[in-house]
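A look at the structure
What follows is each chain in one-letter form.
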Amino acid sequence: NAGVMQNPRHLVRRRGQEARLRCSPMKGHSHVYWYRQLPEEGLKFMVYLQKENIIDESGMPKERFSAEFPKEGPSILRIQQVVRGDSAAYFCASSPRQVTDTQYFGPGTRLTVL
Amino acid sequence: AQTVTQSQPEMSVQEAETVTLSCTYDTSENNYYLFWYKQPPSRQMILVIRQEAYKQQNATENRFSVNFQKAAKSFSLKISDSQLGDTAMYFCAFIWYNNNDMRFGAGTRLTVKP
């Protein structure tokens with residue numbers, strides 16, 4: 001059973017470009033979470049999705065950031081018009097049933113904004 | 001406020017010895033879950049151990065065990081017979097029932113010395 005997959009592992013963008021980060025949950029998992037990790041810090045919750053629904057986006061910046069988890073395909077975290085402060089590691093996690101199930105993490109995408 | 005505090009930014013231990021990483025949390029909730037995650041240099045987040053607050057018995061996973069003191073809101077991780085592969089950042093995390101926002105501590109960087 002493959003783990004949580006994220007791609008790309010590394011992404012470099014120039015200021016003003018768009019970044020698209022992808023996450024495929026573990027097989028059988030219908031709950032997806034996105035977290036951001038700044039250097040030397042713990043992870044910060046961004047958004048929680050189930051198939052075709054955003055359940056909780058309380059941790060997501062109000063502008064430029066969006067997330068989706070379509071019926072088919074991976075979950076996408078999209079950052080428009082990136083700025084240097086968006087440089088971070090972005091982790092996706094999935095769980096089978098609910099948030100208090102153990103969340104299994106992907107390897108992360110390291111975004112660097114030049 | 002629901003917060004997680006790891007008061008030891010860095011620790012080191014000799015191979016084969018035992019080390020304890022501390023974690024305290026602040027919550028008014030009664031139904032919650034606690035986790036320790038390991039982040040090695042590969043930056044993958046790996047679940048080490050999970051504890052349900054309603055369980056009095058401390059969770060154990062091979063060489064890893066916790067000392068869960070609910071009244072003191074303390075959740076320390078003990079690593080026995082430390083191995084070089086245990087070198088990593090260790091994050092304590094907490095999530096409470098009916099909430100989607102897993103909170104992480106700032107992490108403890110553990111180095112196992114040969």
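Residues numbered from 1 in each chain as written. Chains lettered and ligands numbered in written order. Predicted model: local features only at pLDDT ≥ 70, side-chain atom pairs only at ≥ 80, totals over all residues. Heavy atoms only, no water.

1. Let's talk about the confidence of the model for chain B
Under the convention used in this document: Per-residue confidence from the prediction method is given by pLDDT, with values spanning 0 to 100. Counting from the N terminus, the helices are DSSP H or I runs at least four residues long and the strands are E runs at least two residues long.
The pLDDT averaged across chain B works out to 94; a share of 100% of its residues lies at or above 70. Mean pLDDT across the secondary structure elements of chain B bottoms out at strand 1 (residues 3-5) of chain B, with 93, and peaks at strand 3 (residues 19-21) of chain B, with 98.

2. Comments concerning the environment of P25(A)
Residue and element names in this part refer to chain A. To keep things clear, this is the line we draw: Here, residues are in contact when the closest pair of their heavy atoms is within 4.5 Å.
Here P25 shows up in the loop between strand 3 (19-24) and strand 4 (31-37). As a C-alpha pair, P25 and A89 span 64 residues in sequence and 18 Å in three-dimensional space. Ignoring sequence-local partners within four residues, the contact set of P25 consists of V32, F69 and S94.

3. Things to note about the interface of chain A and chain B
Worth spelling out the cut-off: Once two parts are put together, the accessible area they lose, assessed with a 1.4 Å probe and summed over both, is termed the buried area. Every case where a carboxyl oxygen of Asp or Glu lies within 4 Å of a side-chain nitrogen of Lys or Arg is listed as a salt bridge. Throughout this description, a polar contact denotes any pair of N or O atoms lying within 3.5 Å of each other; where both atoms belong to protein, one of them has to be capable of donating a hydrogen while the other can accept it, and for residues adjacent in sequence the pair is counted only when both atoms sit in side chains.
Every contact between the two is made by 22 residues of chain A and, on the other side, 22 residues of chain B. Of the roughly 1800 Å² buried between chain A and chain B, counting both surfaces, carbon and sulfur atoms make up 51%. Our enumeration of links across chain A and chain B arrives at zero salt bridges. Summed over the shared surface of chain A and chain B, the number is seven residue pairs in polar contact (both at pLDDT 80 or more). If you list the elements that add at least two residues to the side of chain A that touches chain B, you get strand 4, strand 5 (43-50), strand 6 (53-56) and strand 9 (88-95) of chain A. The element contributing the most residues to the side of chain A that touches chain B is strand 5 of chain A, with three residues.

4. What to know about the environment of F35(B)
Mapped onto the fold, F35(B) is located in strand 5 (residues 32-39). Taking the C-alpha atoms as reference points, F35(B) and F104(B), separated by 69 residues in sequence, lie 9.2 Å from one another.

5. Concerning the packing of aromatic side chains
Which entries qualify depends on this criterion: Geometry of aromatic contacts follows a simple scheme: Phe, Tyr and Trp rings, the Trp one being its six-membered ring, pair when their centres are within 6.5 Å, and the pair is stacked under 30 degrees between planes, edge-to-face over 60, tilted otherwise.
Inspection of every chain in the model, using the stated rule, returns 14 aromatic pairs over all chains. Through pairs of rings, three or more aromatic residues link up here, namely Y35(A), F45(A), F105(A), F35(B), Y37(B) and F104(B).

6. Digging into the pairing of strand 8 (residues 75-79) of chain A
Residue and element names in this part refer to chain A. Under the convention used in this document: Summary of the burial criterion: residues with accessible area below 20% of their type's maximum are buried, those above 50% are exposed, and those between are partly exposed, where the area comes from a 1.4 Å probe applied to protein chains only. For two strands to count as paired, DSSP must find a minimum of two bridges between them.
Counted residue by residue, strand 8 has four buried out of five residues, so it is predominantly covered. Sheet analysis places strand 3 next to strand 8, joined by five bridges and oriented antiparallel. Directly across from R22, in strand 8, lies its bridge partner I76. With four bridges joining them, strand 7 (residues 65-68) and strand 8 adopt antiparallel strand pairing. Looking across to strand 8, one finds that A67 is bridged to L77. Counting the residues in the hairpin turn of strand 7 and strand 8 gives six residues, including G73, whose phi is positive at 100°.

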